Amino acid sequence: MSDISITLPDGAKRSYAVGITGGAIAGDISKSLGKAALAVKIDDRLADLSEPITSDASLQIVTIKDEADALELIRHDCAHIMARAVQEIWPDVKVTIGPVIENGFYYDFDRDEPFSTEDLAAIEKKMGEIINLRDTVRTEVWDRDRAIAFYEESGEPYKVELVGMIPEGEPIRMYWHGEWQDLCRGPHLAHTGQVPADAFKLMSVAGAYWRGDSDNTMLQRIYGVAFRNRQELKDYIHLLEEAQKRDHRKLGREMELFHLQEEAPGMVFWHPNGWTLYREVEDYIRRRITAAGYREIKTPQVVDRKLWEASGHWDNYQENMFIVEVDEDHAREKRINALKPMNCPCHVQIYNQGLKSYRDLPLRLAEFGSCHRYESSGSMHGLMRVRGFVQDDAHIFCTEDQIAAETESFIKLLSSIYKDFGFENYDIKFSTRPKVRAGSDEVWDQAEAALESAVQRVTNDYEIDPGEGAFYGPKLDFKLTDALGREWQCGTFQADFVLPKRLGAEYIGEDGAKHTPVMLHRAITGSLERFIGILIENYAGKFPLWLAPRQVVVASIVSDADPFVMKVVETLQATGLRAEADIRNEKINYKVREHSVGKVPVILAVGMKEVADGTVSMRRLGDKGSEVITLEEVTRRLTLEARAPDLV
RNA sequence: GCCGCUGUAGCUCAGUGGUAGAGCGCACCCUUGGUAAGGGUGAGGCCGAGAGUUCAAUUCUCUCCAGCGGCACCA
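Residues numbered from 1 in each chain as written. Chains lettered and ligands numbered in written order. Predicted model: local features only at pLDDT ≥ 70, side-chain atom pairs only at ≥ 80, totals over all residues. Heavy atoms only, no water.

### Focus on the sheet that holds strand E4 (residues 39-42)
And step 1. In spatial order, the strands read E2-E1-E7-E4-E5; together these 5 strands make up an open sheet with mixed pairing. Two strands lie at the open edges of the sheet, namely strand E2 (13-17) and strand E5 (45-47), each paired on one side alone. Pairwise comparison of adjacent strand axes, ignoring direction, gives a mean angle of 35 degrees for this sheet.
And step 2. The sheet contact formed by strand E1 (residues 3-7) and strand E7 (residues 57-62) spans 2 bridges and is parallel. Bridge pairing in E7 links isoleucine 6 to alanine 57. (Pairing = 2+ DSSP bridges. Helix = DSSP H or I, 4+ residues; strand = E, 2+ residues; numbered from the N terminus. Axes fitted to C-alpha atoms, helices over the stretch in contact; angles between N-to-C directions.)

Structure below.
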């Protein structure tokens, strides 16, 4: 039998018999490495220690120190161990799939009884026992018929289905954790004892549809987190707790920004503080888009169904629309209207007034458009997903030749605006033509190329979602992440070849003939509500001065200082600062604490010393100390600092 | 919409088959205190809505509504 050459990461080459396993090589290199080995990377592919190596290869022994790979293995084995634990406790439960996810893993089970919190504790305990057994993990590749027969025999219908779905030519890999068996792509650890017994935790149970399809059975998904050691788990739990403190729903209440209530689910009651923030954001966006050549418009809320029939929404979107009817007994004529779920058809109506020339294009019509959508009850989430919201919407009517330039300038505008709001990181998704679509392939080719090349001129950091475009055109989505790592689509840029034609939009071209313009739907914040929700979490409520609803509190230390406090407040207010007085009969400690909790960026304390000198004692949110400065100086500094980024 | 959990004072939460309690907040009084909670007194609840079981329901059961965690959806 001939030997094969194994190249190690340090470049050293070793010669072994064909069929040697990574585990054996690790043990050969050193006894301790053999023990520490979790898996191997054969030619950069993560594999089991037990996998025979049959040709020359580069080899890396993966140990707990290789964070990404180790976590992947630990979490994957955790999922299997959890499934084994569940089936050991409840043998009738059917197993399905259990992948690794960010920070942990889940496994979907089919069980009639719901899993309770106590059940989770029992499963965790059983998992600890399985880990302590240090059961060997072994694997075999089976042929399809044998695997299907096996799962039919053992009463695992979901596994039968999964085996059937594995493409021809791919190995059907069977794994055993001790006696417990699962179908899995692998790789896995060498034995269950390699999972750290004190570094995982089961977090929650949730419903999830089999294969992600709401027509299928709902399974029970158990989520867990897992790390390399106890400390990492503790750190993660701590991080989670900190993130929960930034929840915009919690801060919204604490900072008196907004509230939601039962009588209007998914509709926001903005309070004075929150509305101040909202207006600050809106005013800023308005200045930016005006500077970028948009014209602002305003269109109706309640629109006759005829327009929605013409636009296609009546047929395709009706279940999400609020239908408005006038009481028949009192109305002279009965009309059925809908609250607009989006602004596009209304914008086309404005475009259609008067004959347009190619010289008018690109025409950029913008609206802070109030939209209502009847979102499903389970999908609503604080400000992030609501039923009544305002889009910073705009539609650019242009020629096909203008798409590329408009796309590029939009991306630049968006990234500049996101930066001003403190968002340096966001995901860009490029969605291409779906199977069912309108428009010719040539037009799609051109539009996709225009969008993608425009993105590439700005950044290479984007993902492609093949087939995820709208039926009317390709799109770019810009996603921001909330405190708990959930992604929310905010910005969007969509080319539309359908609606302008449907609603009869035209322009007279250079050739004197009528043409249909392309319509570019675009939004930067997506919805002001959602954007502000993320903004709150991103800043943890500690807004920069220009956005802070309450910018300055001037607090008296003794009541004899009250008149000067009022003078300071008036001076600051005269420059446009949002300043308020706190001359309550409370100690300065109390006032400082209360306004710190309220996340007021600047507290100015005034005692008799300050009155005598014409100064204030300035304390910044989060700072320990304070600084005594003159009224003139503090006014100058704060006024400067409170300017919006585009006005600096 | 689906699965699970939750709904008690403005907020955070205890609690019980015999119509309720804490802390914070709020009001009033005392206190004028130098940078994250001074003290006292007091007010405040249709125990999410409806129905059922029961002598009696905030408590048990059912239905509905809303919220939370997911899933699905997200022009």
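### Focus on the pattern of salt bridges
And step 1. Across all of its chains, the model carries 46 salt bridges by this definition.
And step 2. Across the pair lysine 126 and glutamate 88 runs a salt bridge whose closest N-O atoms are separated by 4.0 Å. Of the two residues, lysine 126 is situated in helix H4 (residues 117-133) and glutamate 88 in helix H3 (residues 67-89); the sequence distance between them amounts to 38 residues.
And step 3. In this structure lysine 126 comes out as partly exposed when scored by relative accessible area, which is 22%.
And step 4. One salt bridge in this structure joins arginine 287 and aspartate 646, with 2.7 Å as the shortest N-O distance. Pair noted here: arginine 287 is in helix H9 (residues 272-291) and aspartate 646 is in the segment after helix H20 (631-641), with a separation of 359 residues, a long-range link. (Salt bridge = Lys/Arg side-chain N within 4 Å of Asp/Glu carboxyl O. Buried < 20%, exposed > 50% of the residue type's maximum accessible area, 1.4 Å probe, protein only.)

### A look at the packing of aromatic side chains
And step 1. Scanning all chains against the criterion turns up 29 aromatic pairs.
And step 2. Both rings, one in tryptophan 270 and one in tryptophan 275, keep their centres 6.4 Å apart while their planes meet at 55 degrees; by these two values the pair is tilted.
And step 3. You can call tryptophan 275 partly exposed: its relative accessible area is 35%.
And step 4. Over the ring of tryptophan 90 we find arginine 111, and its NZ or CZ is 4.4 Å from the ring centre.
And step 5. A cation over a ring is seen here: arginine 221 above tyrosine 106, with NZ or CZ 3.7 Å from the ring centre. (Phe/Tyr/Trp six-rings, centres within 6.5 Å; stacked < 30°, edge-to-face > 60°. Lys NZ or Arg CZ within 6 Å of the ring centre and 35° of its normal.)

### Remarks on helix H16 (residues 528-539)
And step 1. Between its terminal C-alpha atoms H16 stretches 16 Å, which fits the 16 Å expected from 12 residues at 1.5 Å a residue.
And step 2. Counting buried residues along H16, 11 of its 12 residues qualify, which places the element largely inside the surrounding structure.
And step 3. The set of residues buried in H16 consists of Leu528, Glu529, Arg530, Phe531, Ile532, Gly533, Ile534, Leu535, Ile536, Glu537 and Tyr539.
And step 4. Among the residues trailing H16, alanine 540 stands out with phi positive, at a value near 50 degrees. (Expected span 1.5 Å × (residues − 1).)

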